[in-house]
Every structure is written in structure tokens, then in C-alpha cells.
Amino acid sequence: MMHPDRNMLRQLADGNLDATEAHPIEVHLASCTQCRMIVAFERDLVRALRETPLPQASPDFDPAVLRAVSRRNHPAATSRLPWVKYAAAGILISATLIVITLAGASGEEQSRSMLTPVFEQITSLIGPLANTFASQADSIIPTSCTQGNEVLRIFLLAMGALLVLGGLERLLLPHLKGLNHRP
Amino acid sequence: MEQSDNDIIQEILRGGHHGYAILLQRYRARVLSLTLRMIGHRADAEEAAQDAFIRAFRALRGFEQRARFSTWLYRIAYNTAVTYRQRQRMVTLPLDEEHDDTDAARIPPDRNLEYEELRKQVQKALDHLRPEYATLVTLFYLQDQSYDEIATITGLPLGTVKNRLHRARMELRAYVLKNYPSLEPTH
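This section reports on the structure supplied with the text. Every residue gets a number counted from 1 within its own chain, in the order that chain's sequence is written. Think of it this way: whatever chain is written first is A, whatever ligand is written first is 1, and the rest follow in order. Per-residue local features are limited, in this predicted model, to residues with pLDDT of at least 70; the limit for side-chain atom pairs, both in listing and counting, is 80 or more; totals at the level of whole chains, interfaces and linings are taken over all residues. Note that water and hydrogens are dropped before the side-chain values are worked out from all heavy atoms of the structure.

## Observations concerning the interface of chain B and chain A
- When checking whether two residues touch, look at their non-hydrogen atoms; a contact exists if any pair is within 4.5 Å. Chain B puts 55 residues into the contact, and the matching count from chain A is 46 residues.
- Of the roughly 4,800 Å² buried between chain B and chain A on both sides combined, carbon and sulfur atoms contribute 64%.
- Each salt bridge in this description consists of a side-chain nitrogen of Lys or Arg and a carboxyl oxygen of Asp or Glu lying within 4 Å of one another. Inspection of the region where chain B meets chain A yields six salt bridges.
- Between glutamate 42 of chain A and arginine 173 of chain B there is a salt bridge, with its nearest N and O atoms 2.6 Å apart.
- Pairs of N or O atoms are called polar contacts if they sit within 3.5 Å, as long as, within protein, a hydrogen donor faces a hydrogen acceptor (for residues adjacent in sequence, only side-chain-to-side-chain pairs). Across the contact surface, chain B and chain A share 14 residue pairs in polar contact (both at pLDDT 80 or more).
- Numbered from the N terminus, helices here are DSSP runs of H or I no shorter than four residues, and strands are runs of E no shorter than two. Elements represented by at least two residues in the side of chain B that touches chain A include exactly helix H1 (5-13), helix H2 (19-39), helix H3 (42-58), helix H4 (69-88), helix H5 (115-128), helix H6 (131-142) and helix H8 (158-179) of chain B. Buried area is understood as the total, over both parts, of accessible area removed when two parts are fitted together, assessed with a 1.4 Å probe.

Right, dumping it as C-alpha cells:
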């Protein structure tokens, strides 16, 4: 007796054959116990695979995940408090600018103290940067506008920088998200 | 009626907190089965599965619903498990030592094979498969992912997915048939 190709029997078992391909094999199966056994075996194999028991997670699985996924990490929360990161950035920028300004003013305008050598050291390192910053700051916000209040002037400059950063983020972030968030 | 995955996700993105417990319950065992097949070590697999759920939650806003949520989640789980495997340099031990097919364990050739016995043999065979094959078998037969979806999850070319699944099934069949030579074709 001529038996169908084993691969065809598997395809039949998987339901991958169309009616014209399946018909002659089914005719053969009606009279061939061995081929019937093979098809039944292939079907049982797939069924057994699909019925593989899934592992049970430990009792602490869900609570541990739900603890980690707290309100603080909620995906909806990221857009609720954008001011937090801007405030943090503002403080950082202001602190940096104050250090640069104080370093630029050390030596001549400050009385000698324990910190004076430190300021002098910083001045020698970032003196040109401090001078550039001072001249640029004068052109953006003249000292007369803040009535000589240097800290206020630095604060206003920092806020301006933040506005520029915020605008850039709004423009660029959607494009960056589009690149990263593939399924 | 059961709430769809996408409805739950929308609720979470609006600020809800209870929906994720439903998604956890729905996919916990499936994600764990995937990480377990890939990592082979129970405690590490469970940690990787938890990590995957946490990462998925944080990235929910980026889920664009172009694919099924399950496919997206399995991709995160797959990548997390890959990272764990690389980090821990785990050597997956063969799982067959305690149930090696000695003569005593052999089932006598019998065409009226009990399905339950076959199922046990398939479980053993699955444990014998190399992790990259077992992972694909798990995704295809247990997680109902299509060839295309598996290619998306694993980053493998479609042809490689089909080829490996075919080979995996050949190996499974060969393992089971060792115990049931009567099923071998004589033609």
C-alpha cells in the first residue's frame, strides 16, 4: 500500500491542507490504521503542548509588583507634576550661576575670609567663563533693571533659560517618544 | 462581560490604580512560563517576570495599541529575561535528571496510548528542549502568538521563527516517539 508523505499527514493534522489536498489523504486514512494513528498522534501532540500546565507564581508575586507600581510611579503621574523637574533644574542652574558670579567677584570685592583662597582658585580656573557670563548677562538684563540686585538678576536669567529648555522639550519630546515606543 | 486589555489600560492612563491587578492576574502565569523557559531557574524567572510587569507599567503610556497588549508585554518580558540571562551568566541545567527515561519508566508500545501519558511525555520533552526552542514553543502553543508576533517579540526574522518552531516540533516528536516506537511509520 502506498502511504501519504509523513509531512502531508502532519499538515493534515494541523489543518493546513485545503480540501483538494486533504481529500485523497482522508480516503487513504479510511483504510489505513497506521496513518490514522500518525495523524491522531500529531493532533494529540499539539493538544498536549497547548495544555501544558502554566507555572504557579509565589503568593508574594502580585503584592510585590503592586507595591512597586505605586502612585509615585504611575504613568499618568508623569504629566501631572512637570514643575517638579523644572524647579529642580532651576535650582541647579541658579546655584551654578551664583557660584560663577561669586567666583568672578572674589579677590577685589570680597573681604578675605576662609573661603577667599577657594574663590581665587575657582576664578583662575573659570575666570574667562565668568567674565563672558557677566558681559552677556549685562546685555540681556542690565544691572539697572534689577536695581543692582545680583541674585535677582541671576534668578531672572535662570528662569529665562528654563523657558527655553521647556520649549525645546515640548518640541523635541514627541519625536523622541515616537522613536522609542515601539510595541 | 470581561473588560478588554485596552479598556483597562485606558483606565490606568486616566489615573486608575486597580486595573493593573486584573492584568497581572490575567498574564502572570503566562509571563512566568516564558521567563522560566528562558532562564530555567525558578527564583530568577519569577524576579524577571515581576520586573517585566513593573517595566510594562511604567511604559504603559508608550503602548500604542498597534499590537495586542499580550504581544507588547511578552516582548518586554522576553527582553527582561534576556538581560537576566546575560547578567547572571546562568547555565541552564537539563531538567531531565530526576525523570530520566529508564527502562522502568518506558511505556510499553501500545497504539491505544492514553492521552494523559502522552501529555506527561510532552512535558518531559519540553523540558529537554534547548531554551531558544522552548521559548518559541511556549509563545506559539501556550501564548497563542502568531509567527509574526513571535518575530516582533524576539526580534528574530520571520523565517528563523518558522524554522526553529519546525525543528522544535521535530525534536519534541522524536523525544516522545523514543518511548512509542509503534508510532514510527513503517512505510
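## Describing H5 of chain B
- To estimate how far a helix should reach, multiply one less than its number of residues by 1.5 Å. Compared with an ideal rise of 1.5 Å per residue, which puts 14 residues at 20 Å, H5 of chain B spans 20 Å between its outermost C-alpha atoms and is within 8% of the ideal.
- For the exposure calls, accessible area comes from a 1.4 Å probe over protein chains only, and a residue counts as buried if that area is under 20% of its type's maximum, exposed if over 50%, partly exposed in between. Every buried residue of H5 of chain B is accounted for by Tyr115, Leu118, Gln121, Val122, Gln123, Lys124, Ala125 and Leu126 of chain B.
- Check the buried side of H5 of chain B and you find it contacts helix H3 (33-50) of chain A together with H2, H6 and H8 of chain B.

## Considering the pattern of salt bridges
Residues and elements named next belong to chain B.
- Counted according to the given criterion, the structure contains 20 salt bridges over all chains.
- Note that arginine 26 is salt-bridged to aspartate 5, the shortest N-O span being 2.5 Å. Taken together, the residues span a long stretch of sequence, with arginine 26 in helix H2 and aspartate 5 in helix H1 at a distance of 21 residues.
- On the accessibility criterion, arginine 26 (23% relative accessible area) is partly exposed.
- Here arginine 130 makes a salt bridge to glutamate 171, at a shortest N to O gap of 3.2 Å. Of this pair, arginine 130 sits in the loop between H5 and H6 while glutamate 171 is found in helix H8, placing the two residues 41 residues apart along the sequence.
- Overall, the relative accessible area of 31% leaves glutamate 171 in the partly exposed class.

## A look at the packing of helix H4 (residues 61-68) of chain A against H2 of chain B
- Fitted lines through C-alpha atoms give the axes, limited to the stretch in contact for helices. The angle between two N-to-C directions lies from 0 to 180 degrees. Put simply, H4 of chain A and H2 of chain B touch, their axes get as near as 11 Å, and they point 140 degrees apart. Judged on the interaxial angle alone, H2 of chain B and H4 of chain A are oblique. For H4 of chain A against H2 of chain B, the interelement crossing comes out right-handed. Counted together, Phe61, Asp62, Val65 and Leu66 of chain A of H4 of chain A and Tyr20, Ala21, Leu24 and Arg28 of chain B of H2 of chain B form the full contact between these two elements.
- In terms of residue class, the contact of H4 of chain A with H2 of chain B is made up of six nonpolar, no polar and two charged. Our angle categories are set so that under 35 degrees counts as roughly parallel, over 145 as roughly antiparallel, 65 to 115 as roughly perpendicular, and the remainder as oblique. If you view the pair so one helix is near and one far, a crossing is left-handed when the near helix is turned anticlockwise from the far one by less than a right angle, and right-handed when it is turned clockwise. Gly falls in the polar group here, along with every residue not listed as nonpolar (Ala, Val, Leu, Ile, Met, Phe, Trp, Tyr, Cys, Pro) or charged (Asp, Glu, Lys, Arg).

No statement about biological role is implied by the geometric values presented.
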